[in-house]
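The chain contents come next:
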Amino acid sequence: MVTLEIRGRRSGRLISFPVVVADYQGERYLVAMVGRGANWVRNVEAAGGAAVIRHGRREAVNLEPVEPDARAPILRRYLELAPGARAHVPVDQRASLSEFEGIAAEYPVFRITQPLSGEVDEAA
């Protein structure tokens, strides 16, 4: 289990919730399985991508938005790893990449990177 920790954009409180990290071509990604309206997506955007991921230890990360035209294979990989997400995504996990391309703009994807020195939010 992986937990994402992010500051609430209105409350300023630290919010934690479970996420599935999708690995694809040597990179790690987070996907908003309920789409663009996901509250955590708005919090990540308000925080400039600064977040913490916990998987045994805390790791300060930066979440970089992935352009819609690059999301299809990541979305497919995500559905392989997150069976609970399948009910939220209108494409079968075995669908062609072109079918995933058709919905990619609706599902934000963030690449997990290491923050540059000075980018780490001590409060996160």
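Throughout what follows, the structure given in this document is the object of discussion. Keep in mind that what you see is a predicted model, and the values were worked out from it rather than measured. (Residues numbered from 1 in each chain as written. Predicted model: local features only at pLDDT ≥ 70, side-chain atom pairs only at ≥ 80, totals over all residues. Heavy atoms only, no water.)

### Concerning the overall build of the protein
Check the secondary structure of the protein and you find three helices and seven strands. Reading the protein from its N terminus to its C terminus gives the helix and strand order β-β-β-β-α-β-β-α-α-β. Taking 124 residues into account, the globule formula puts the C-alpha radius of gyration at 14 Å, and the protein, at 14 Å, falls close to it. If one aligns the C-alpha atoms of the protein with their principal axes, the spans along those axes are about 40 × 30 × 25 Å. In the protein, which comprises 124 residues, the share counted as buried stands at 42%. Considering only intrachain contacts with a sequence separation of at least 6, the fraction spanning at least 24 residues in the protein is 64%. Put simply, the protein shows about 6900 Å² of open surface, and 49% of that area lies on carbon and sulfur atoms. Charge separation in the protein, taken as the distance between the mean sites of 16 positive and 16 negative side-chain charges, equals 7 Å. (Helix = DSSP H or I, 4+ residues; strand = E, 2+ residues; numbered from the N terminus. Rg over C-alpha atoms; globule rule 2.2 N^0.38 Å. Buried < 20%, exposed > 50% of the residue type's maximum accessible area, 1.4 Å probe, protein only. Contact = heavy atoms within 4.5 Å. Areas by Shrake-Rupley, 256 points an atom, 1.4 Å probe, with all protein chains shown as cover. Lys, Arg positive; Asp, Glu negative; His and termini not counted. Charge placed at Lys NZ, Arg CZ, Asp CG, Glu CD.)

### Topic: the pairing of strand β3 (residues 21-24)
Strand residues, when the strand is regular, have side chains that alternate between the two faces of the sheet. With four bridges joining them, β3 and strand β4 (residues 27-31) adopt antiparallel strand pairing. The residue bridging Val21 from the neighbouring strand is Leu30, located in β4. As consecutive antiparallel partners, β3 and β4 are separated by two residues, and within that stretch Gln25 has a phi angle of approximately 50°, a positive value. (Pairing = 2+ DSSP bridges.)

### Topic: the nonpolar core
Of all hydrophobic cores here, the largest spans 19 residues; its most connected members are Leu75, Tyr78, Phe100 and Val109. By size, the runner-up hydrophobic cluster in this structure holds 17 residues, among which are Val2, Leu4, Phe17 and Ala38. (Core = buried A, V, L, I, M, F, W, Y, C linked by side-chain atoms within 4.5 Å.)

### Structural notes on the packing of aromatic side chains
Throughout the structure, instances matching the rule amount to two aromatic pairs. Each ring, one from Phe17 and one from Trp40, has its centre 6.2 Å from the other, and the planes form 45°; the classification is tilted. One end of the pair, Phe17, is in strand β2 (residues 14-19); the other, Trp40, is in helix α1 (residues 39-46), and 23 residues separate them in sequence. As far as burial versus exposure is concerned, Phe17 and Trp40 are alike and both buried. Plain terms: the ring middles of Trp40 and Phe110 are 5.7 Å apart, the flat faces sit at 55° to each other, and that makes the pair tilted. Remark: Phe110 occurs in strand β7 (residues 109-113) and Trp40 occurs in helix α1; sequence separation between them is 70 residues. A relative accessible area of 12% means that Trp40 is categorised as buried. An aromatic cluster is built from Phe17, Trp40 and Phe110, whose rings are joined through pairwise contacts. (Phe/Tyr/Trp six-rings, centres within 6.5 Å; stacked < 30°, edge-to-face > 60°.)

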